[in-house]
Amino acid sequence: MGQTDLPARVDGRTARAERTRAAIVEAHLALISEGDLRPTGERIAERAGVSLRTLWTNFKDMETLFEASGERLLQQQDAAYRPISPELPLAKRVDAYCRQRARLLQLITPSARAAQMREPVSAQLHRNRLKHIDRVRTEVLDLFAVELDQAGAGRDELVSALVAASMWPAWSMLRDGLGLGVDRARAVMTRTVLALLTTGGPA
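Described below are features of the structure shown in this document. Nothing here was measured: the structure is a model prediction, and the numbers come from that model.

### Quick notes on the nonpolar core
Here comes step 1: Tyr97, Val140, Phe144, Trp171, Val193 and Leu197 are the most contacted members of the largest nonpolar core, which has 30 residues in total.
Here comes step 2: At the level of elements, helix H5 (90-118), helix H6 (123-143), helix H8 (155-166), helix H9 (168-177) and helix H10 (182-198) are the ones that each hand at least two residues to this core.
Here comes step 3: For this core, the element with the most residues is H5, which contributes eight residues.
Here comes step 4: What tryptophan 171 contacts, discounting residues up to four positions off in sequence, is Ala102, Leu105, Gln106, Thr109, Val182, Ala185, Arg186 and Met189.
Here comes step 5: Ranked by size, the runner-up nonpolar core spans 12 residues in total, among them Leu31, Ile44, Ala45 and Phe59.

### Quick notes on the pattern of salt bridges
Here comes step 1: All chains considered together, the criterion is met by 11 salt bridges.
Here comes step 2: The residue glutamate 147 makes a salt bridge to arginine 93 at a minimum N-O spacing of 2.8 Å. With a gap of 54 residues between them, glutamate 147 in helix H7 (residues 145-150) and arginine 93 in helix H5 connect regions that are remote in the sequence.
Here comes step 3: Given the relative accessible area of 11%, glutamate 147 is considered buried.
Here comes step 4: The closest approach of N and O atoms between arginine 113 and aspartate 176, which form a salt bridge, is 2.8 Å.

### Some remarks on the side chain of glutamine 77
Here comes step 1: Residue position: glutamine 77 is located in helix H4 (residues 62-80).
Here comes step 2: If we skip the residues at most four places from it in the chain, glutamine 77 touches Leu104, Leu107, Ile108 and His132.

### Let's talk about the packing of H4 against H6
How two helices sit against one another is set out by the angle between their axes and by the gap between those axes.
Here comes step 1: Packing of H4 against H6 leaves a shortest axis separation of 8 Å and a crossing angle of 20 degrees. Here H4 lies roughly parallel to H6, going by the angle between them. By crossing handedness, the relation of H4 to H6 is classed as right-handed. Listed contacts from H6 to Glu63, Phe66, Glu67, Gly70, Glu71, Leu73, Leu74, Gln77 and Asp78 of H4 are Ala123, Gln124, Leu125, Asn128, Lys131, His132 and Arg135.
Here comes step 2: Among the residues forming the contact of H4 with H6, the class breakdown is five nonpolar, five polar and six charged.

### Remarks on the packing of aromatic side chains
Here comes step 1: Taken as a whole, this structure holds one aromatic pair when the rule is applied.
Here comes step 2: With 5.5 Å between their ring centres and 85 degrees between their planes, tyrosine 97 and phenylalanine 144 make a pair best called edge-to-face. Taken as a pair, tyrosine 97 in helix H5 and phenylalanine 144 in the loop between H6 and H7 lie far apart in primary sequence, 47 residues in all.
Here comes step 3: By relative accessible area, which is 1% here, tyrosine 97 ends up buried.
Here comes step 4: On the accessibility criterion, phenylalanine 144 (0% relative accessible area) is buried.

### Things to note about H8
Given 3.6 residues per helical turn, the α-helix brings residues three or four places apart onto the same face.
Here comes step 1: Taking 1.5 Å of rise per residue, 12 residues should cover 16 Å, and H8 covers 17 Å from first to last C-alpha, within 8% of that figure.
Here comes step 2: Regarding H8, the residues found buried are Leu158, Val159, Leu162, Val163, Ala165 and Ser166. Projection of H8 onto a plane perpendicular to its axis shows the buried side chains occupying an angular sector of 165 degrees, all on one side. Across from the buried face of H8, at angles greater than 90 degrees, the exposed residues are Asp156 and Glu157.

### Quick word on the packing of H5 against H6
Here comes step 1: The geometry of H5 relative to H6 is characterised by a closest axis approach of 12 Å and an angle of 175 degrees between their N-to-C directions. Relative to H6, the element H5 is oriented roughly antiparallel. Listed contacts from H6 to Arg93, Tyr97, Gln100, Arg101, Ile108, Ala115 and Arg118 of H5 are Leu125, His132, Val136, Glu139, Val140 and Leu143.
Here comes step 2: Residue composition of the contact of H5 with H6, grouped by class: seven nonpolar, two polar and four charged.

### Observations concerning the environment of glutamate 46
Here comes step 1: Considering the arrangement of structural elements, one finds glutamate 46 in helix H2 (residues 41-48).
Here comes step 2: In this structure the C-alpha to C-alpha distance between glutamate 46 and glutamine 106, which are 60 residues apart in sequence, comes to 27 Å.

What counts and what doesn't
Residues numbered from 1 in each chain as written. Predicted model: local features only at pLDDT ≥ 70, side-chain atom pairs only at ≥ 80, totals over all residues. Heavy atoms only, no water. Core = buried A, V, L, I, M, F, W, Y, C linked by side-chain atoms within 4.5 Å. Buried < 20%, exposed > 50% of the residue type's maximum accessible area, 1.4 Å probe, protein only. Helix = DSSP H or I, 4+ residues; strand = E, 2+ residues; numbered from the N terminus. Contact = heavy atoms within 4.5 Å. Salt bridge = Lys/Arg side-chain N within 4 Å of Asp/Glu carboxyl O. Axes fitted to C-alpha atoms, helices over the stretch in contact; angles between N-to-C directions. Parallel < 35°, antiparallel > 145°, perpendicular 65-115°, else oblique. Left-handed = near helix turned anticlockwise from the far one by under 90°. Nonpolar A, V, L, I, M, F, W, Y, C, P; charged D, E, K, R; others polar. Phe/Tyr/Trp six-rings, centres within 6.5 Å; stacked < 30°, edge-to-face > 60°. Expected span 1.5 Å × (residues − 1). Arc of directions from axis to C-beta.

Encoded structure:
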């Protein structure tokens, strides 16, 4: 076999390895979405159709699997995300923003519930959450730039309030704590975000 055959062999092995890793990540997320919030390596491997040894060959521990699953979840959100024009009137921006946040929060709810259980002992799950926070903060800064500039000394406080109102813990309170349906929970989020953006700065 000549040297020219080696790249193809290497590429083939790389592609198979990537498919295996992807199957494991999808199995992990699928189990969580079905209500298995703490799936074991054995259950993940079985769902992915691989051996337990293959699972731990591709992921040295649960932390590395949490990292890969977190990245996949961000990719799913990116696919579902639709840009909102900052040129829209404030009420329309808030409505579009909260409709999208509700949709994305529903998408990540199973994984967020699972992460909530393990985050106190998982540095990676904490890092995953910080990525979600950073994304929401960036969107808030871009979409509501005019209103934030008008907030003066209260700008940072307002940003923090908007981000907090837009994250999964707040959504979980509305949906799980208060028992609201998606539409009513979204309406409450919309009311909250709009109120934050239209009230004056700190007294």
